[in-house]
Amino acid sequence: MAQQGVQLDQEQLSCSICLDLLKDPVTVPCGHSYCRRCIEWFWKQDDQRGRFSCPQCRHTFKPRPVLKKNTMLAEVVESLKKTGLQAAPPDHCYAGSGDVACDVCTRRRLKAVKTCLQCLVSYCDTHLQPHYQSPAFKKHKLVKASGELQENICSRHNRVSELFCRTDQQCICSLCSVEEHKGHNMTSAAAERTERQKELNTSQQNIQQRIQEREKDVKVLHKEVESINHCADRAVDDSDTIFTELISSMQRIQSEVRELIRVQQERQVSHAEELRRRVEQEATELRSRHAELEQLSLTEDHIHFLQRYTSLSRISALTHPVSSNVRPLRYFEDVTVAMSKMRDKLEEILSEEGTNVSELVNRVDVVLSTPEPETRADTLEDILTEEGTNVSETGNRVKKLKKKKKKKIHRGQAQAVLSTAPEPKTRAEFLQYACPITLDPNTMHKHLSLSKGKRKVTFMDHPQICLEHPERFTGCYQVLSREGLTGRCYWEVKWSGMIVHIVVSYKDISRAECSSVSGFGVNDKSWALRCTEEESFCVRSGITHKGCGTPIPGPVSSRVGVYLDHSAGTLSFYNVSDTMTLLHTVHATFTQNLHAGFYLHRPGVTAELCDLK
């Protein structure tokens, strides 16, 4: 009790501003006392308003009171200091927001440093001393100060929870163990903590490993972002350059056509003017002869008439009427028709190529199916290289049209430009339609593995590690190409193993587990050539063959050529050797872009898209 009295005196002799024992105490007119230095600092803030107040009761003074030392308080403070009274604890020792406060302190409470699990009370350093000094508290369990003591209390029996029921996975008290948890698998909370701590350590290690992996992925993705930005900027520059060249080519064609028309206009106008002059001269001569004949008809001298008539009646051969040679007023209309058809053809080419560019740009993504950068999805640079070739081919078509236009512009030439190329016969003719194709790792079944160039696929014994993707086949061991195929396309495939399906399919074919809707060659979205090592071929399609195979007689080659004419609706498979042997042609109406692909049936089976450069 004496100690509490001293504590109370200490608080009463503290300055309410600095919360420490009074130093050089002074008393203001309202009766409250402060350290001289503290109250002078406080009133300094009120100098501008000219009114001074007490920090505790807010009583105001005007003018500023003269401060005099409170001698009695100063002597009391000094006396208490000599008797062992300690200075008030610093402000940071008091409990604040978010701190655990001492449950024993009265008035302003200090921060608690320990919590007793037996007493269920938190103590500051001062009030904790009995737990270290008194034998009665020696067996009490002290832990770091906690404000969540209620969690340690059994809500049913209001006792400390010291046990853990493994059957019900909850903390219980000793009374619970003999009542509703009787017969359950129980252990002490400390023992269960030890087991869970091991699991926690394992989880921490796993999390740490994943953190390292994610940090590595972050670095990879950072490089991907830089690469994408760099390649996108270069793609914009390249596309601007290509379109500038196309525009320049069109402007040159326009200039040359204009010049050609003007030259022809000048030539034809000159010829027409010369012809008009000659016709006018002939008309003048005819009018003169007509006048002489009119005069001769009026003469009465028969001898004169007969002598003059002989000479005047002989008229020179007349020019053939010009009007019979002049065509209807069309002249350069054929040129306009030819130019219109060339415009339509260019618009068709640009529309088709523009669609391909849009599809390729939309397919640009970041794939992290494997850690090696060279085995991930194609970079924007690879796609732009391929599409640059397509755009260059479009430019070449424009240049070809320009060269043909320079020779002669007429209806027949425009029709020649629009004419359909004949069906290829030799391998050299097929290779003119060769198109670069790569396989899309996002569509690949987990039992398949791609080469670095993404052109060869192998069936593996065990599933490969790859990220989940909505386009991935989950039921059938299949893979599709990244590129959509339109127009005329040709590619060749090398295969080995028991069974391989060489496929073309729409991209929206199902990825479901059920093979009847996702399997190549058994639905209305795909067409397949089934190749087996038993030396037999078979064409399958859910449209043309109702999912059943059509056997193909003849020798089997490990190299197969595939020719697609999308607009004509034909898909042909060829046996590639010294000569091109047609295996089968499928006729269908293709409503979407097609994608090349493979369906492999056994481990060790391979299929590869051949390099036709």
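Preceding block: the structure.
Student: With reference to specific residues and values, describe the overall build of the chain.
Tutor: The helix and strand inventory of the chain stands at twelve helices and 23 strands. Looking at the 613 residues of the chain, the share that counts as buried comes to 33%. Restricting to contacts in the chain with at least 6 residues of sequence separation, those with at least 24 account for 57%.

Student: I'd like a description of the packing of aromatic side chains, backed by residues and values.
Tutor: Enumeration over the complete set of coordinates arrives at ten aromatic pairs. Ring geometry for Trp527 and Phe590: centres 5.2 Å apart, planes at 90°, overall edge-to-face. Pair noted here: Trp527 is in strand S16 (residues 526-532) and Phe590 is in the loop between strand S21 (580-587) and strand S22 (594-600), with a separation of 63 residues, a long-range link. A single burial state applies to Trp527 and to Phe590, both of which are buried. The rings of Phe430, Tyr433, Tyr490, Tyr563 and Tyr574 are connected pair by pair, giving a single aromatic cluster.

Student: Please set out the nonpolar core residue by residue, giving values where relevant.
Tutor: If you look at the biggest cluster of nonpolar residues, it comprises 40 residues, and the most contacted ones within it are Val457, Trp491, Ile502, Trp527, Leu529, Leu571 and Phe598. Setting aside residues up to four positions removed in sequence, Leu529 forms contacts with Val500, His501, Ile502, Phe537, Cys538, Val539, Ile552, Val560, Phe573 and Leu583. Counting residues in hydrophobic clusters, the runner-up holds 18 residues, among them Leu13, Leu22, Phe42 and Phe61.

Student: With reference to specific residues and values, describe the pattern of salt bridges.
Tutor: A pair can form between side chains of opposite charge whenever their charged atoms are brought close. Across all of its chains, the model carries 15 salt bridges by this definition. Residues Asp565 and Arg488 are paired through a salt bridge, measuring 3.3 Å at the closest nitrogen-oxygen approach. Placement of the pair is Asp565 in strand S19 (residues 559-565) and Arg488 in strand S14 (residues 488-496), with a sequence separation of 77 residues. Ionic contacts of the salt-bridge type, sharing partners, join the residues Arg166, Glu192 and Arg196 into one network.

Student: Outline a negative patch on the surface, supporting the account with residue identities and numerical values.
Tutor: The grouping of Asp233, Asp237, Asp238 and Asp240 at the surface amounts to a negative patch. The residue Asp240 is located in helix H6 (residues 189-296) in this model.

Student: So what's going on with the sheet that holds strand S6 (residues 121-123)? Residues and values would help.
Tutor: Judged by pairing direction, the sheet is antiparallel, and its three strands sit side by side in the order S6-S5-S7 without closing on themselves. The sheet is open, and its two borders are formed by S6 and strand S7 (142-144), each paired with just one other strand. Here the strands of the sheet are splayed against their neighbours by 35° on average, with no regard to which way each runs. Of the strands in this sheet, strand S5 (114-116), S6 and S7 touch helix H4 (residues 125-133), which is tilted by about 110° from S6.

Student: Any details on the pairing of S22? Residues and values, ideally.
Tutor: The side chains of a regular strand alternate between both faces of the sheet. Most of S22 is tucked away, with seven of its seven residues classed as buried. The side-chain alternation of S22 yields two buried faces, one formed by Leu594, Ala596, Phe598 and Leu600 and the other by His595, Gly597 and Tyr599. As paired elements, strand S13 (residues 478-480) and S22 share three bridges and run antiparallel to each other. Within the sheet, the bridge partner assigned to Gln478 lies in S22 and is Tyr599. Of the strand pairs in this sheet, strand S15 (residues 499-506) and S22 are connected by seven bridges, and their pairing is antiparallel. By the bridge assignment, Ser505 is partnered in S22 with His595.

Student: So what's going on with the sheet that holds S21? Residues and values would help.
Tutor: Taken in spatial order, the seven strands of this open sheet run S11-S12-S23-S14-S19-S20-S21, and their pairing is antiparallel. Two strands in the sheet have a free side with no partner beyond their single neighbour: strand S11 (448-450) and S21. Taking each pair of neighbouring strands and ignoring which way they run, the sheet shows an average axis angle of 20°. In this sheet, strand S23 (residues 606-609) lies alongside strand S12 (residues 456-459) in antiparallel orientation, the contact comprising three bridges. The residue of S23 that forms the bridge with Thr458 is Thr606.

Student: For the environment of Gln12, give the residues involved together with the corresponding values.
Tutor: Topologically, Gln12 is positioned in helix H1 (residues 2-12). Taking the C-alpha atoms as reference points, Gln12 and Leu22, ten residues apart in sequence, are found 9.7 Å from one another.

Student: Give me the lowdown on the pairing of S23, citing residues and values where you can.
Tutor: Relative to S23, S14 runs antiparallel, the two sharing four bridges. If you follow Val493 over to S23, its bridge partner there is Leu609.

Student: Summarise helix H3 (residues 71-82); cite the residues concerned and give the values.
Tutor: In a regular helix each residue adds 1.5 Å, so twelve residues correspond to 16 Å; H3 covers 17 Å between its end C-alpha atoms and thus fits that length. Listed as buried for H3 are Leu73, Ala74 and Val77. Looking down the long axis of H3, one finds its buried residues gathered within 100° of arc, a one-sided arrangement. Of the exposed residues in H3, the ones pointing more than 90 degrees away from its buried face are Met72, Glu75 and Lys82. On its buried side, H3 packs onto strand S1 (25-27) and strand S2 (33-35).

Student: Talk me through the packing of H6 against helix H7 (residues 302-312); I want residue IDs and the actual numbers.
Tutor: Remark: H6 packs on H7, axes separated minimally by 10 Å, with the N-to-C direction vectors making an angle of 160°. Of the possible angle classes, the one that applies to H6 and H7 is roughly antiparallel. Regarding H6 and H7, the two cross each other, and that crossing is left-handed. In this structure, H6 contributes Arg289, Glu292, Leu293 and Leu296 to the contact, and H7 contributes His304, Phe305, Arg308, Tyr309 and Leu312.

Rules and cut-offs
- Counting from 1, residues in each chain are numbered in the order their sequence is written.
- Local features in this predicted model are restricted to residues of pLDDT 70 or higher, and side-chain atom pairs are both shown and tallied only at a pLDDT of 80 or more, whereas totals for entire chains, interfaces and linings draw on every residue.
- To get the side-chain values, take all heavy atoms of the structure and skip hydrogens and water.
- Secondary structure is summarised from DSSP: a helix means a run of H or I of at least four residues, a strand means a run of E of at least two, and numbering begins at the N terminus for each.
- Burial status follows relative accessibility: with a 1.4 Å probe on protein chains alone, a residue under 20% of its type maximum counts as buried, one over 50% as exposed, and anything between as partly exposed.
- Only heavy atoms matter for contacts: two residues are in contact if any of them lie within 4.5 Å across the pair.
- Note on aromatic contacts: the rings of Phe and Tyr and the six-membered ring of Trp form a pair at centre separations within 6.5 Å, being stacked when their planes are under 30 degrees apart, edge-to-face when over 60 apart, and tilted otherwise.
- In these notes, a set of buried Ala, Val, Leu, Ile, Met, Phe, Trp, Tyr and Cys residues joined through side-chain atoms within 4.5 Å is what counts as a nonpolar core.
- Here a salt bridge means any side-chain nitrogen of Lys or Arg lying within 4 Å of a carboxyl oxygen belonging to Asp or Glu.
- Patch building starts from residues that exceed 30% relative accessible area and form no salt bridge, then joins like charges within 9 Å and nonpolar side chains (Val, Leu, Ile, Met, Phe, Trp, Tyr) within 5 Å.
- We get accessible surface area from the Shrake-Rupley algorithm with a probe of 1.4 Å; when it comes to residues, only the shown protein chains can shield them.
- In this charge count, Lys and Arg are treated as positive and Asp and Glu as negative; neither His nor the chain ends contribute.
- A single reference atom marks each charge: NZ on Lys, CZ on Arg, CG on Asp, CD on Glu.
- Strands qualify as paired when DSSP identifies two bridges or more between them.
- Fitted lines through C-alpha atoms serve as axes, helices being fitted only where they are in contact, and the angles separating the N-to-C directions of these axes extend from 0 to 180 degrees.
- In this analysis, the expected span of each helix is defined as 1.5 Å times one less than the number of residues it contains.
- Working note: the arc is built from the helix axis to C-beta atom directions.
- Oblique is the label for every angle not falling under 35 degrees (roughly parallel), over 145 degrees (roughly antiparallel), or within 65 to 115 degrees (roughly perpendicular).
- In this scheme the handedness of a crossing depends on how the near helix is turned from the far one: anticlockwise by less than a right angle means left-handed, clockwise means right-handed.

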